[in-house]
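Structural overview
Residue strings, one per chain:
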Amino acid sequence: MKVLVFDNYEAASEQAAQMVEAQILENGQSVLGLATGSTPIGLYKNLIEGVTARGVSYKEVCTINLDEYIGLANDHSESYHRFMAENLFDHIDISIDNTYVPNGVAPSAEEECIRYEEIIDRLGPIDIQILGIGSNGHIAFNEPGTDPETLTHVVELVASTREDNARFFPSIDEVPTHAITTGIKSILKSKKIILLATGKGKADAVKKLLSKEISKDFPASFLWNHKDVTLIVDQDAYALVQTEGQ
Ligand code: F6R
C-alpha cells in the first residue's frame, strides 16, 4: 500500500482527481468504481472542473458505484443515485446509461445483488476503484465481521454506521436499516484502488489500517491483500500515525 499524505482535504482531493484523470486520458473507455459520502465530494468537484479546465471527457467512461440503501427510490434526496447525479453525473459529459448504482427498490434485493455482480464482471475489471472508509473500518457497506470472500450482497447496517449517516436524514429512525453493497471480493477485483481518508474523524481508522493487522473486525484491512492500493490522507486523518511514529 502506497501512502500519500497531504496538508489538507483540498490537496488530497486534487491528488485523487489527478490520478483519475490520468487514467481517463490514457484510456477514454475506462471503468471507474465510485463511492458516495462526504469524502469524495472534493474529488468530484475537481473532476467536474477538469471537463472544462483540462478537456477531460467522460463520453465513453463507465462508472460502477459501491452501494445503495435498500428502500430508497432513485429520486429520494438521500439515495446514492441522487447523490451521484447531484455531485458528479449532472455536471460531466457522461452518458447516464453508462453509470451503474445498485437498485435499492428492486423487487428482489437478492436478485439485484446477482445482477450487479454480473455487471462488475461484464464491464470490469474496474480500472480505478475509489473508496472511503467508515470510522469502524468499513469499505463500501462491508461492516466489521464481513467475510473477505463476499460478493455483492444485502447487509444490515450496524448502529455506528446508521449514527454516522444520521446527519443526512431528519432523524436516525429514517436512516435505512439495510443496503446493497459490493463485497470485499468484488472490490478486490479492481485493477487499482484509491482509498481516501480525510479529517480527524478518520484518524483512528487510518492508524488501525496502517498497523497492517488483517482482520474481519476491520474490513479495510483486507486491502493489504491487493497489489495496487494508494491511501490518500490529509494531516488530520494521519495525525495519530505521525504522533506515535515519532
Ligand atoms: C459510500 C461508502 C462508504 C463511505 C464511508 C465513509 O459509498 O461505501 O463506505 O465511503 O462510510 O463515508 P464518509 O466519506 O461520509 O465519511
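You'll find the structure just up there.
Here goes a summary of the coordinates provided. (Residues numbered from 1 in each chain as written. Predicted model: local features only at pLDDT ≥ 70, side-chain atom pairs only at ≥ 80, totals over all residues. Heavy atoms only, no water.)

1. Side note on the overall build of the chain
To keep things clear, this is the line we draw: Per the convention used, a helix needs a DSSP run of H or I reaching at least four residues, while a strand needs a run of E reaching at least two, with both numbered from the N terminus. Atoms counted for the radius of gyration: C-alpha only. Globule rule: 2.2 Å times residue count to the power 0.38. We call a residue buried when its accessible area falls under 20% of the maximum for its residue type, exposed when it is over 50%, and partly exposed in between, using a 1.4 Å probe and counting protein chains only. By definition, residues are in contact when any of their heavy atoms lie within 4.5 Å. Here the accessible surface of atoms and residues is derived via Shrake-Rupley with a 1.4 Å probe, and residues count as covered only by protein chains that are part of the display. Working convention for charge: Lys and Arg count positive, Asp and Glu count negative, and His plus the chain ends are omitted. Just so you know, the charge point we use is NZ for Lys, CZ for Arg, CG for Asp and CD for Glu.
A tally of regular secondary structure across the chain gives 8 helices and 10 strands. Taking 246 residues into account, the globule formula puts the C-alpha radius of gyration at 18 Å, and the chain, at 17 Å, falls close to it. With 246 residues in all, the chain has 52% of them scored as buried. Expressed as a percentage of contacts within the chain between residues at least 6 apart in sequence, the contacts between residues at least 24 apart total 79%. Accessible surface, the chain as shown: approximately 11000 Å² in total, 49% of it carbon and sulfur. Within the chain, the 37 negative side-chain charges are centred at a point lying 5 Å from the centre of the 20 positive side-chain charges.

2. Let's talk about the nonpolar core
Nonpolar side chains tend to gather and get buried jointly when the protein is soluble and globular. Our working rule: Nonpolar core, defined: a set of buried Ala, Val, Leu, Ile, Met, Phe, Trp, Tyr and Cys residues in which side-chain atoms within 4.5 Å join the residues together.
Among the nonpolar cores identified, the biggest contains 26 residues, and Leu 43 and Tyr 58 are the most heavily contacted of them. Counting residues per element, this core draws most heavily on helix 1 (residues 9-26), which supplies 6 residues. Those residues in contact with Tyr 58 that lie beyond four places of it in its chain are Glu 21, Ile 24, Leu 32, Leu 47, Val 51, Ile 92, Asp 93 and Ile 94.

3. Details of the pairing of strand 6 (residues 128-131)
So the rule is basically this: Think of it this way: DSSP has to see at least two bridges between two strands before they count as a pair.
Of the two faces of strand 6, both are covered, the one formed by Ile 128 and Ile 130 as well as the one formed by Gln 129 and Leu 131. With 2 bridges joining them, strand 2 (residues 31-34) and strand 6 adopt parallel strand pairing. Its bridge partner being in strand 6, Leu 32 is matched across the sheet by Ile 128. When strand 6 meets strand 9 (residues 192-197), the two strands line up parallel, connected through 4 bridges. Paired with Ile 130 across the strands is Ile 194, a residue of strand 9.

4. Quick word on the packing of aromatic side chains
For clarity, the threshold we go by: Any pair of Phe, Tyr and Trp rings, taking the six-membered ring for Trp, is counted once the centres come within 6.5 Å. Such a pair is stacked with planes under 30 degrees apart, edge-to-face with planes over 60 apart, and tilted for the rest.
In total, this model carries 4 aromatic pairs according to the counting rule given. Between the aromatic rings of Tyr 80 and Phe 141, the centroid separation amounts to 6.1 Å while the plane-to-plane angle is 20°, which identifies the pairing as stacked. On the criterion of sequence distance, the pair formed by Tyr 80 in helix 3 (residues 80-87) and Phe 141 in the loop between strand 6 and strand 7 (153-156) is long-range, its members being 61 residues apart. For Phe 141, a relative accessible area of 3% translates into the label buried. What links up through ring pairs into an aromatic cluster is the set Tyr 69, Tyr 80, Phe 141 and Phe 169.

5. A closer look at the sheet that holds strand 4 (residues 67-69)
To summarise the sheet geometry, strands pair through backbone hydrogen bonds and adopt either a parallel or an antiparallel arrangement. Formally: Orientation is described by lines fitted to C-alpha atoms, with helices fitted over the stretch in contact, and by angles between N-to-C directions that extend from 0 to 180 degrees.
The 3 strands are arranged 4-8-7 in an open sheet whose pairing can be described as antiparallel. In this open sheet, the two edge strands, each paired with only one partner strand, are strand 4 and strand 7. In this sheet, neighbouring strand axes are inclined to one another by 25° on average, regardless of whether the strands run parallel or antiparallel. As judged from the 4 bridges shared by strand 7 and strand 8 (residues 178-181), these two strands associate in the antiparallel manner.

6. Observations concerning the side chain of Asn 142
Quick note on the threshold: In the analysis that follows, any N or O atom pair within 3.5 Å is treated as a polar contact, provided that within protein one partner can donate a hydrogen and the other can accept it, and provided that, for residues neighboring in sequence, both atoms belong to side chains.
Relative to the helices and strands, Asn 142 resides in the loop between strand 6 and strand 7. Classification of Asn 142 by relative accessible area gives buried; the value is 0%. Here the side chain of Asn 142 touches Thr 182 through a polar contact of 2.9 Å, landing on its backbone oxygen.

7. Concerning the pattern of salt bridges
Pairs may arise between side chains of opposite charge once their charged atoms sit close together. So the rule is basically this: Salt bridges are counted wherever a side-chain nitrogen of Lys or Arg sits within 4 Å of a carboxyl oxygen of Asp or Glu.
Evaluated as defined, the whole model comprises 11 salt bridges. Between Arg 82 and Glu 86 there is a salt bridge; the shortest N-O distance is 2.7 Å. Placement of both Arg 82 and Glu 86 in helix 3 is noted, with a separation of 4 residues, approximately one turn of the helix. The class of Arg 82 is partly exposed, set by a relative accessible area of 30%.

8. Topic: the environment of Thr 36
Secondary-structure assignment places Thr 36 in the loop between strand 2 and helix 2 (41-53). For Thr 36, a relative accessible area of 11% translates into the label buried. Spatially, the C-alpha atoms of Thr 36 and Ser 57 are 21 Å apart, while their sequence positions differ by 21 residues. If near-sequence neighbours (up to four positions away) are discounted, Thr 36 is found in contact with Asn 65, Asp 67, Tyr 80, Phe 83 and Met 84.

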